[in-house]
Amino acid sequence: MPADFDEPVFDEDFVRGASFTEPSAQERARPPSRRARRGAARRRNRAARPPRGRGFRRPGNRMAVAQLAGGILVLLAISVALWWWNQPSGEMEAPARVEIMTPAEPVPPEPADPDGGPAQPAPSEMAPPRV
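Position numbers for residues start from 1 in each chain and track the written sequence from start to end. Residue-level local features of this predicted model are given only where pLDDT is at least 70; pairs of side-chain atoms are given and counted only at 80 or more, and the full residue set underlies all totals for whole chains, interfaces and linings. As a rule here, side-chain values come from all non-hydrogen atoms in the structure, and water together with hydrogens is ignored.

1. Some thoughts on the overall build of the chain
Runs of E in the DSSP output that reach at least two residues are strands. Runs of H or I that reach at least four are helices, and both are numbered from the N terminus. Secondary structure assignment for the chain yields four helices and zero strands. Starting at the N terminus, the α and β elements of the chain follow one another as α-α-α-α. Between buried and exposed lies partly exposed: a residue is buried under 20% and exposed over 50% of the maximum accessible area for its type, with that area taken using a 1.4 Å probe on protein chains only. Sorting the 131 residues of the chain into buried and exposed places 1% on the buried side. For the area figures, the Shrake-Rupley method with a 1.4 Å probe applies, and any residue is considered shielded solely by the protein chains shown. Total accessible area computed for the chain in this model is approximately 14,600 Å², and 60% of it derives from carbon and sulfur atoms.

2. Quick word on the packing of aromatic side chains
Here the aromatic set is Phe, Tyr and Trp, taking the six-membered ring for Trp, and pairing holds for ring centres within 6.5 Å; pairs whose planes are under 30 degrees apart are stacked, those over 60 apart are edge-to-face, and all others are tilted. Tallied over the entire structure, the rule returns one aromatic pair. Pairing Trp83 with Trp84 gives two aromatic rings, centres 6.1 Å apart and planes at 75 degrees, and the pair type is edge-to-face. Under the relative-accessibility criterion, Trp84 is labelled exposed at 60%.

3. Re a nonpolar patch on the surface
A patch consists of residues whose relative accessible area exceeds 30% and which take part in no salt bridge; residues with like charges are grouped when within 9 Å of each other, and nonpolar side chains (Val, Leu, Ile, Met, Phe, Trp, Tyr) when within 5 Å. When a carboxyl oxygen of Asp or Glu lies within 4 Å of a side-chain nitrogen of Lys or Arg, that pair is called a salt bridge. On the surface, Leu73, Leu76, Val80, Trp83 and Trp84 cluster together into a nonpolar patch covering about 610 Å² of accessible area. Assignment of secondary structure puts Leu76 in helix 4 (residues 61–86).

4. Digging into the confidence of the model for the chain
Here pLDDT means the predictor's own confidence in every residue, given as a number from 0 to 100. A residue-level look at the chain finds 70% of positions with pLDDT of 70 or above and a mean pLDDT of 78. Mean pLDDT per element in the chain: helix 1 (residues 12–18) is the minimum at 77, and helix 4 is the maximum at 94.

5. With respect to helix 4
Here helix 4 spans 38 Å end to end across 26 residues, near enough to the 38 Å set by a 1.5 Å rise per residue. Of all 26 residues making up helix 4, only zero are buried, and the element is barely covered by its neighbours. To estimate how far a helix should reach, multiply one less than its number of residues by 1.5 Å.

6. A look at a positive patch on the surface
Note on charges: Lys and Arg go in the positive column, Asp and Glu in the negative column, and His and the chain ends are not counted at all. Where a charge lies is defined by one atom per residue type, namely NZ (Lys), CZ (Arg), CG (Asp) and CD (Glu). A cluster of basic side chains, namely Arg34, Arg35, Arg37, Arg38, Arg42, Arg43, Arg44, Arg46, Arg49 and Arg52, defines a positive patch on the protein surface. Within the element layout of this structure, Arg38 appears in helix 3 (residues 34–48). For Arg38, a relative accessible area of 51% corresponds to the exposed category.

Written out as structure tokens, the structure reads:
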């Protein structure tokens, strides 16, 4: 249920629990404890020493060229793999050949011999004898 406009958004218990207190003047005048001094010294030493390992450094031109070459090789490998995957296998049948037949001019039937026997070709149409 939404709050009415005349009701406070935060009640007194919430404000009392959320507030923090600053150290008193007496607490501020006291020297830090051994534990606090040890933690502060550890933080100073850690900040002063060089980082372990190689740490962060800006990549040089050689590294950029190597990354570019590696990226190109990866893309090439992917394209070859996809080409290989989509290549038809040798087990499949060869594609059917389509032959287009064009109609030739009709050949007139040879005239039959009036005797009713098979027509004999003229001597000029006969093939020459082989030697």
